[in-house]
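# Notes for the structure review
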Amino acid sequence: MTQPNNKHTIVAPSLLSADFAQAGQQVKDLQNAGATHLHLDVMDGSFVPDITFGHKLIADIAKNTTLTLDTHLMVDNPYHMLENFALAGSDIITVHAEARGITHLHRTIMKIRELGKKAGIALNPATHESTIEYLMPHLDLILIMTVNPGYGGQKFIPEMMDKVRNVSNMIGSRNILLEVDGGVNANNATDLRNAGANMLVAGNYVFSGDYRQRIASLMGEA
């Protein structure tokens with residue numbers, strides 16, 4: 001049985017879907033529309049095929065917003081990058097359990113926390129949730145990928161709903177955010193919240209309409 005999740009639902013619009021030429025203004029517009037978090041997908045062209053941006057862009061954003069910066073490192077060998085992203089102003093730093101070059105996942109998580117940041121683990125669709133059970137006492141966030149990572153605009157993989165429920169059960173009463181990323185929209189947000197998710201990443205859905213209305217709909221307030 002899925003544990004009830006009474007945490008307020010957080011919506012984290014993904015900068016990946018922004019017009020980068022207008023990104024500064026769009027971030028301000030998101031904040032004015034009620035967003036509290038911004039999801040930042042860092043891709044290296046190795047762990048995933050695409051390349052997005054690095055810590056410099058995050059530092060520039062951090063200087064101009066009060067949004068919580070939720071940095072998702074879709075990169076190989078993340079350990080030696082952690083300090084740069086922490087210094088840039090990331091509030092949450094999430095690494096992938098599957099990333100090449102992580103010899104000791106526990107050590108990587110502890111490094112993030114030593115840098116004074118909240119630590120997250122992301123799981124690709126094919127990775128079983130039991131992989132990270134031993135890390136539960138040290139996590140602030142678990143990110144369930146509901147598409148195969150690499151680019152925006154993909155459709156939600158419905159089989160991932162059970163995984164969200166399973167991870168919610170693993171979390172139980174712990175103070176760990178359960179984040180979902182991939183194909184999130186108004187059609188599946190209610191089911192995701194009921195399954196235990198309390199942080200929803202949405203890119204195309206938020207950026208393709210009225211920001212305030214889209215964010216409210218994901219939170220179940222519209």
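Data block above holds the structure.
Numbers given to residues run from 1 along each chain, matching the order in which its sequence is written. Given that this is a predicted model, residues contribute local features only at a pLDDT of at least 70 and side-chain atom pairs are listed and counted only at 80 or more, while totals for whole chains, interfaces and linings are drawn from all residues. Calculated side-chain values reflect all of the structure's heavy atoms, with hydrogen atoms and water omitted.

Type-normalised accessible area, obtained with a 1.4 Å probe on protein chains alone, sets the label of each residue: buried when under 20%, exposed when over 50%, and partly exposed for intermediate values. In DSSP terms, a helix is any run of H or I states spanning at least four residues, a strand is any run of E spanning at least two, and both are numbered starting from the N terminus. Along helix H1 (residues 23-32), the positions that sit buried rather than exposed are Ala 23, Gln 26, Val 27 and Leu 30. Buried residues along H1 cover an arc of 105° about the axis, so they all sit on one side. Looking one or two places after H1, you find Gly 34, whose phi comes out positive at around 110°. Think of it as the arc spanned by the lines of direction from the helix axis to the C-beta atoms.

Time to look at the side chain of His 72. Note that His 72 resides in strand S3 (residues 68-74). Judged by its relative accessible area of 0%, His 72 falls in the buried class. Here His 96 takes part through its side chain, which lies 2.8 Å from a polar atom of the side chain of His 72. Residues are treated as being in contact if the distance between any of their heavy atoms lies within 4.5 Å. Each residue touching His 72, except ones within four places of it in the same chain, is listed here: His 39, Leu 40, Asp 41, Val 42, Thr 94, His 96, Ala 122, Leu 143, Met 145 and Asp 181. N or O atoms within 3.5 Å of each other form a polar contact, as long as, within protein, one can give a hydrogen and the other can take it, and as long as residues adjacent in sequence are counted only when both atoms are side-chain atoms.

Moving on: unusual backbone geometry. Here the phi dihedral of Asn 77 falls at roughly 50°; this positive angle occurs in a residue that is not glycine. Along the chain, Asn 77 falls in the loop between S3 and helix H3 (82-88).

Any Lys or Arg side-chain nitrogen located within 4 Å of an Asp or Glu carboxyl oxygen qualifies as a salt bridge. Scanning all chains against the criterion turns up 5 salt bridges. For Asp 60, the salt bridge is made with Lys 63, and the minimal N-O distance between the two is 3.6 Å. Judged by relative accessible area, Asp 60 falls into the partly exposed class, the value being 26%. The class of Lys 63 is exposed, set by a relative accessible area of 64%. The salt bridge partner of Asp 76 is Arg 100, with a shortest N-O separation of 2.7 Å.

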